[in-house]
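Coordinate analysis (summary)
One-letter residues, chain by chain:
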Amino acid sequence: MPFRLSRRRSRLNPNDADMLADYADALGIHQGRKLEGKPETMIDKALKVDPNHVKALMLAGTMAYNRKDFALAVKDWERARTNLAPDSDPEFQSKSRPRSARRSSAWVVLH
């Protein structure tokens, strides 16, 4: 039921970046943790509404990482991290995702 509600809410207010990013996330989970297709469209819409939307940037970074576009993944994740609220979860503020993408990028370049 929450999945259907999320989709309905997205239709009602397509200019709400929170709703668009939440919908993309829920749809991606529903599609077997794949963000290609409709979730990607929702992420793009969320970033058009709010280019600094943390969740949309994190999802965009994940998509880039999965496509092995490590430079873009780092860029999206770093931008998300710089826009976090100061009191957000310290684990979420971690630099581990960008660091992992940088290592993967270096591995691709070296091999």
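Our subject in this report is the structure included herewith. Residue indices begin from 1 for each chain and proceed along its sequence in written order. At least 70 in pLDDT is required for a residue's local features to be given in this predicted model, at least 80 for side-chain atom pairs to be given and counted, and no such filter applies to totals for whole chains, interfaces and linings, which use all residues. Computation of side-chain values covers all heavy atoms of the structure but excludes hydrogens and water.

1. Observations regarding the overall build of the protein chain
- When helices and strands are tallied, the protein chain shows six helices and zero strands.
- Starting at the N terminus, helices and strands are each numbered in turn, a helix being any DSSP run of H or I of at least four residues and a strand any DSSP run of E of at least two. Going from N to C terminus, the protein chain has its helices and strands arranged as α-α-α-α-α-α.
- Residue burial in the protein chain is summarised as follows: out of 111 residues, 34% are buried.
- Note on contacts: a residue pair qualifies if any of its non-hydrogen atoms lie within 4.5 Å across the two residues. Taking the intrachain contacts of the protein chain between residues at least 6 apart in sequence as the baseline, contacts between residues at least 24 apart amount to 45%.
- Here the protein chain has roughly 7200 Å² of accessible surface; of this, 53% comes from carbon and sulfur atoms. When a residue's accessible area, from a 1.4 Å probe over protein chains only, is under 20% of the maximum for its type it is buried; when over 50% it is exposed; and in between it is partly exposed. Note on areas: Shrake-Rupley with a 1.4 Å probe; residue coverage comes only from the protein chains shown.

2. Brief notes about the packing of aromatic side chains
- Pairing of aromatic rings covers Phe, Tyr and Trp, the last counted by its six-membered ring, and requires centre-to-centre distances within 6.5 Å; plane angles under 30 degrees mean stacked, over 60 mean edge-to-face, and any other angle means tilted. In total, this model carries two aromatic pairs according to the counting rule given.
- When the ring of Tyr65 is compared with that of Phe70, the centres are 5.2 Å apart and the planes differ by 70 degrees; the resulting orientation is edge-to-face.
- On the basis of relative accessible area, Phe70 is assigned to the buried category, the value being 8%.
- Ring geometry for Tyr65 versus Trp77: centroids 5.7 Å apart, planes at 35 degrees, classification tilted. Pair noted here: Tyr65 is in helix H4 (residues 54-66) and Trp77 is in helix H5 (residues 70-82), with a separation of 12 residues, a long-range link.
- Among the aromatic residues, those joined into a ring-pair cluster are Tyr65, Phe70 and Trp77.

3. Focus: H4
- For H4, which comprises 13 residues, the first-to-last C-alpha distance of 18 Å matches the rise-based estimate of 18 Å (1.5 Å per residue) to within 8%.
- Taken residue by residue, H4 has Val54, Ala56, Leu57, Met58, Leu59, Ala60, Gly61, Met63 and Ala64 as its buried positions. In this scheme, a helix's expected span is set at 1.5 Å multiplied by one less than its residue total.

4. With respect to helix H3 (residues 38-49)
- An ideal rise of 1.5 Å per residue puts 16 Å on 12 residues; H3 measures up with 17 Å between its terminal C-alpha atoms.
- All of the buried residues in H3 are Pro39, Met42, Ile43, Ala46 and Leu47. Buried residues of H3, seen end-on, are gathered within an arc of 135 degrees and therefore sit on one face of the element. Within this analysis, the arc is defined by the directions that extend from the helix axis to the C-beta atoms.

Scope: geometric values only; no functional claims are made or implied.
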